[in-house]
Amino acid sequence: MSLPILYSYRRCPYAMRARMALRYAGIDVEIREISLRDKPQHLRLVSPKATVPVLILPDGQVIDQSLDIMQWALAKHDPEQWLGQSDAAMHALVKQNDEEFKRALDRYKYPDRYPEHPQSTYRADGERFLQVLESSLHLHGCLLGTSPTYADIAIFPFVRQFSMVEPDWFAAAPYPLLKMWLAQRIQSPLFESIMEKYPTWQEPTAESPRIA
């Protein structure tokens, strides 16, 4: 294995932020696009959680959390100082995204799975985080400063997903700075570069072995 292997799924927000950090850091990887319905056995072997992203380094080390992959990549090369001082506010905002906002997002996106409340309730739950982001953008321009940081990259794929649940509602929502920030991230060359489509990776058969 000459390159690190990244098990990924193109539309997964966790995989998106991992791919962005790796590309930004200039780290070449072999991307193995998986099918969520037919996950490779090798993925299950190296990471029992069997969810993307999973990064396998040439020395055999496995990194199977998206934020850990980001931090590993940025420790190698961080030309625009995404990590900056790596302060508590940055990590607290990402934690709020990954816990409170992600919970609301899942329920908003799949309301049939959570019939306890109407979809609008879950949308309102998610909006509390959108309001935090809008306020932060009023102060800084980006989430925690005048230029993008680790937090912007870690959070924006989830806001993108939220915006796609009810596009007409989001377009009319009172978050002008957030919508501008989101559009800038989506239209960036970095994001466009990591959204290239790959064929689903096929696990080698016994007749055509391949060393992982």
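Preceding block: the structure.
Residues numbered from 1 in each chain as written. Predicted model: local features only at pLDDT ≥ 70, side-chain atom pairs only at ≥ 80, totals over all residues. Heavy atoms only, no water.

Asker: Account for the sheet that holds strand 3 (residues 54-56), with residues named and values stated.
Answerer: Across the sheet, four strands lie side by side as 2-1-3-4; this open sheet has mixed pairing. With one partner strand each, in any of the chains shown, strand 2 (30-33) and strand 4 (62-63) form the two edges of the open sheet. Sheet topology note: the strand 1 (residues 5-8)/strand 2 ladder contains four bridges and is parallel. From the neighbouring strand, Tyr-7 faces strand 2, where its bridge partner is Arg-32. (Pairing = 2+ DSSP bridges. Helix = DSSP H or I, 4+ residues; strand = E, 2+ residues; numbered from the N terminus.)

Asker: Tell me what's going on with the packing of helix 5 (residues 119-140) against helix 6 (residues 150-163), and back it up with residues and numbers.
Answerer: Relative orientation of the contacting elements helix 5 and helix 6 amounts to 135°, with a least axis distance of 12 Å. Judged by the angle between their axes, helix 5 and helix 6 are oblique. Considering how the two elements wind past one another, helix 5 and helix 6 form a crossing that is left-handed. Taken together, the residues of helix 6 that come into contact with helix 5 (itself represented by Arg-123, Gly-126, Glu-127, Phe-129, Leu-130 and Leu-133) are Ile-155, Val-159 and Phe-162. Its residues assigned to classes, the contact of helix 5 with helix 6 comprises six nonpolar, one polar and two charged. (Axes fitted to C-alpha atoms, helices over the stretch in contact; angles between N-to-C directions. Parallel < 35°, antiparallel > 145°, perpendicular 65-115°, else oblique. Left-handed = near helix turned anticlockwise from the far one by under 90°. Contact = heavy atoms within 4.5 Å. Nonpolar A, V, L, I, M, F, W, Y, C, P; charged D, E, K, R; others polar.)

Asker: How would you explain the pattern of salt bridges if you had to name every residue and give the values?
Answerer: Summed over the entire model, instances satisfying the criterion amount to five salt bridges. In this structure, the salt-bridge partner of Glu-30 is Arg-32, at a minimum N-O distance of 3.0 Å. Exposure remark for Glu-30: the relative accessible area of 21% places this residue in the partly exposed category. Here Arg-32 falls in the buried class, since its relative accessible area comes to 1%. (Salt bridge = Lys/Arg side-chain N within 4 Å of Asp/Glu carboxyl O. Buried < 20%, exposed > 50% of the residue type's maximum accessible area, 1.4 Å probe, protein only.)

Asker: Describe the nonpolar core, listing the residues and the values that go with them.
Answerer: Within the largest apolar cluster, 50 residues are counted, with the highest numbers of intra-cluster contacts made by Ile-155, Val-159 and Trp-181. Elements supplying a minimum of two residues to this core: helix 1 (13-24), helix 3 (66-76), helix 4 (88-109), helix 5, helix 6, helix 8 (176-186) and helix 9 (189-194). Ranked by residues supplied to this core, first place goes to helix 6 with nine residues. (Core = buried A, V, L, I, M, F, W, Y, C linked by side-chain atoms within 4.5 Å.)

Asker: With reference to specific residues and values, describe the side chain of Asp-98.
Answerer: Within the fold, Asp-98 resides in helix 4. Within the structure, Asp-98 has its side chain in polar contact with the side chain of Arg-17 (distance 2.7 Å). Here the side chain of Asp-98 touches Asn-97 through a polar contact of 2.8 Å, side chain to side chain. In contact with Asp-98, not counting residues within four places along its chain, are Arg-17, Leu-67 and Phe-158. (Polar contact = N/O pair within 3.5 Å; in protein donor to acceptor, adjacent residues only side chain to side chain.)

Asker: Kindly report on the packing of helix 6 against helix 8, identifying the contributing residues and their values.
Answerer: Running from amino to carboxyl end, helix 6 crosses helix 8 at an angle of 105°, the nearest separation of the two axes being 10 Å. By the angle class used here, helix 6 and helix 8 are roughly perpendicular. Where helix 6 approaches helix 8, its residues Asp-152, Ile-155, Phe-156, Val-159, Arg-160 and Ser-163 are matched on the opposing element by Leu-178, Trp-181, Leu-182, Arg-185 and Ile-186. Of the residues in the contact of helix 6 with helix 8, the class split is seven nonpolar, one polar and three charged.

Asker: How would you sum up the packing of aromatic side chains? Please name residues and give values.
Answerer: Summed over all chains, the structure comprises 11 aromatic pairs. When the centroid spacing of 5.0 Å and the interplanar angle of 35° are considered together, the rings of Phe-101 and Phe-129 count as tilted. Pair noted here: Phe-101 is in helix 4 and Phe-129 is in helix 5, with a separation of 28 residues, a long-range link. Aromatic ring contacts, followed pair by pair, group Phe-101, Tyr-108, Phe-129, Phe-162, Trp-169 and Phe-170 into a single cluster. Stacked on the ring of Tyr-114, the Lys or Arg Arg-107 has its end atom at 4.2 Å from the ring centre. Of note, Arg-113 hangs over the ring of Tyr-110, and the distance from its end group to the ring centre comes to 3.9 Å. (Phe/Tyr/Trp six-rings, centres within 6.5 Å; stacked < 30°, edge-to-face > 60°. Lys NZ or Arg CZ within 6 Å of the ring centre and 35° of its normal.)

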